[in-house]
Amino acid sequence: MIPLIDLRKQFQSIKEEILKETNKIIDSGTFILGPKVDQLEREIEKRLGVEHAITVANGTDALVLTLTAYGIGEGDEVITTPFTFFATAEAITRVGATPVFVDVDRTSFTIDPNKVAEKISSTTKAIIPVHLFGQPSDMTEIMLLAKENKLLVIEDACQAFGATYNGKNIGSIGDAACFSFFPTKNLGTMGDGGIITTSNHLVAEKIRMLRVHGSERKYFHKEIGYNSRLDEWHAAILLLCLKHIDKWNNQRGVLAERYRTKLKHCTSIKLPEARKDRSHTYHLFCLESPNREKIIKHLADHDIHTGIYYPCCLHLQEVYKYLRYQEGDLPIAEFLSKQLFAIPLHPFLSTEDQEKVIAALLDIEVTEKC
Ligand SMILES: *Cc1c(COP(=O)(O)O)cnc(C)c1O
């Protein structure tokens, strides 16, 4: 089977170093929020050019703690995209606020800034753009809208570590940004983890307090907080991965270009577009087809794995029935949820395996007439 992503190969490539670090951590006796976590936070601050990077237990908590730190909660609205992983909206609801979904752009799959303005109300507090599949959202337009309407911008950058927009690092443009270190993300660990970046000192202090039960000084609590901390072991693994992330992201880009070149004339599928003013980290490489099911089956018959991201838009999720959205309300996101499918792309995909994927897609063109 050719998998969508090969985590075994990724972590085997740094296995010896991970084992060395593991030994050191066992001998150190410090396991949570220690020197490795500190080093990871400082390295990410330096790399992204932000004042503060604060690790937490996962990407979902990164969003929840950031919203909480900014005081967003009951009675507030937060504008976001319906075409993302559930956690983006879940975090908004978790803090007591209401997600307001705005349709996405047809070719970038990210929130359409032209449709945001009409959804801004007197209770809107923030916009959460999601850099979907690794491609940055239209940050210039979003930042301008936010400035005009005094809204916060919290980037959901969980899929886009290492991406840039007009030469700026993703994670340094909005008021804050949230990343996930879930194993399948471009920068991931062998478990859960997350990080928040911001240059707002007060917000950073608040998040540091929230992640340890609302306390600045042990056993003295200012607020009801969370237990959302990163382990030394994950920080050590992430520091090792950080050394390779540019190489791994570049390799994803190389593979994406090969797909583009070789599948250029394929009429049964539409290739994803890459905008010129931003870099794409290709967390996922998604093709479009009205005959998705047929193609997925054909690829499965050739031992090629595919995935559907995402089969159900968030405004149509059962849990959000109370928001009273209906099918047809956000037509582009709904259309994409029925057409997109991801094909294998990861830094350890061999040319030979990629050729098999390409051949199978070209083959369906001849035999099946999609
Ligand atoms: C993965 C992901 C999250 C959640 O991250 P976890 O670490 O799994 O909690 C949030 N938003 C997006 C867009 C994601 O891809």
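Residues numbered from 1 in each chain as written. Predicted model: local features only at pLDDT ≥ 70, side-chain atom pairs only at ≥ 80, totals over all residues. Heavy atoms only, no water.

### Some thoughts on helix 9 (residues 292-301)
What counts is decided by this rule: Buried means the residue's accessible area, taken with a 1.4 Å probe over protein chains only, is under 20% of the maximum for its type, while exposed means over 50%, and partly exposed covers the values in between. Working definition: helices are DSSP H or I runs of at least four residues, strands are E runs of at least two. Numbering for both runs from the N terminus. Throughout, the arc means that of the directions going from the helix axis to the C-beta atoms.
Among the residues making up helix 9, those that are buried are Arg-292, Ile-295, Ile-296, His-298 and Leu-299. Buried positions in helix 9, seen along its axis, are confined to an arc of 160° and lie on one side of it. In helix 9, the exposed residues that point more than 90 degrees away from the buried face are Glu-293, Lys-297 and Asp-301. Following helix 9 by one or two positions, Asp-303 has its phi on the positive side, about 65°.

### A word on the domain arrangement of the chain
Rule in force here: Segmentation of the chain into domains, including their bounds, is taken from an automatic or database domain assignment. What makes two residues a contact is simply this: any of their non-hydrogen atoms within 4.5 Å. Buried area: the accessible area, evaluated with a 1.4 Å probe, that two parts lose upon being put together, summed over both parts. Only one rule defines a salt bridge in this text: a Lys or Arg side-chain nitrogen within 4 Å of an Asp or Glu carboxyl oxygen.
Parsing the chain into structural domains produces domain 1 (7-101 + 111-238) and domain 2 (245-369). A separation of 26 Å is found between the C-alpha centroids of domain 1 and domain 2. Counting residues at the interface gives 38 residues for domain 1, matched by 34 residues for domain 2. Per-residue buried area on domain 1 facing domain 2 is highest for Phe-83, Phe-133 and Asn-186; these three make up 25% of the total on that side. In this structure, the connection of domain 1 to domain 2 is made through three salt bridges. The shortest N-O distance in the salt bridge between Asp-138 and Arg-278 comes to 2.8 Å.

### A closer look at the packing of helix 2 (residues 15-28) against helix 8 (residues 232-262)
Stated precisely, the cut-off is as follows: Here an angle of 0 to 180 degrees is reported between the N-to-C directions of two axes, which are lines fitted to C-alpha atoms, with helices fitted over the stretch in contact. Should an angle fall under 35 degrees it is called roughly parallel, over 145 degrees roughly antiparallel, and 65 to 115 degrees roughly perpendicular, with every other angle called oblique. In this scheme the handedness of a crossing depends on how the near helix is turned from the far one: anticlockwise by less than a right angle means left-handed, clockwise means right-handed. Throughout, the ten residues Ala, Val, Leu, Ile, Met, Phe, Trp, Tyr, Cys and Pro are labelled nonpolar, Asp, Glu, Lys and Arg are labelled charged, and all others, Gly among them, are labelled polar.
Remark: helix 2 packs on helix 8, axes separated minimally by 10 Å, with the N-to-C direction vectors making an angle of 150°. The angle between helix 2 and helix 8 falls in the class roughly antiparallel. Both helix 2 and helix 8 take part in a crossing whose hand is right-handed. For the pair helix 2 and helix 8, the contacting residues are Glu-17, Ile-18, Glu-21, Thr-22 and Ile-25 in the first and Glu-232, Trp-233, Ala-236, Ile-237, Leu-240, Lys-243 and His-244 in the second. For the contact of helix 2 with helix 8, the per-class residue count stands at six nonpolar, two polar and four charged.

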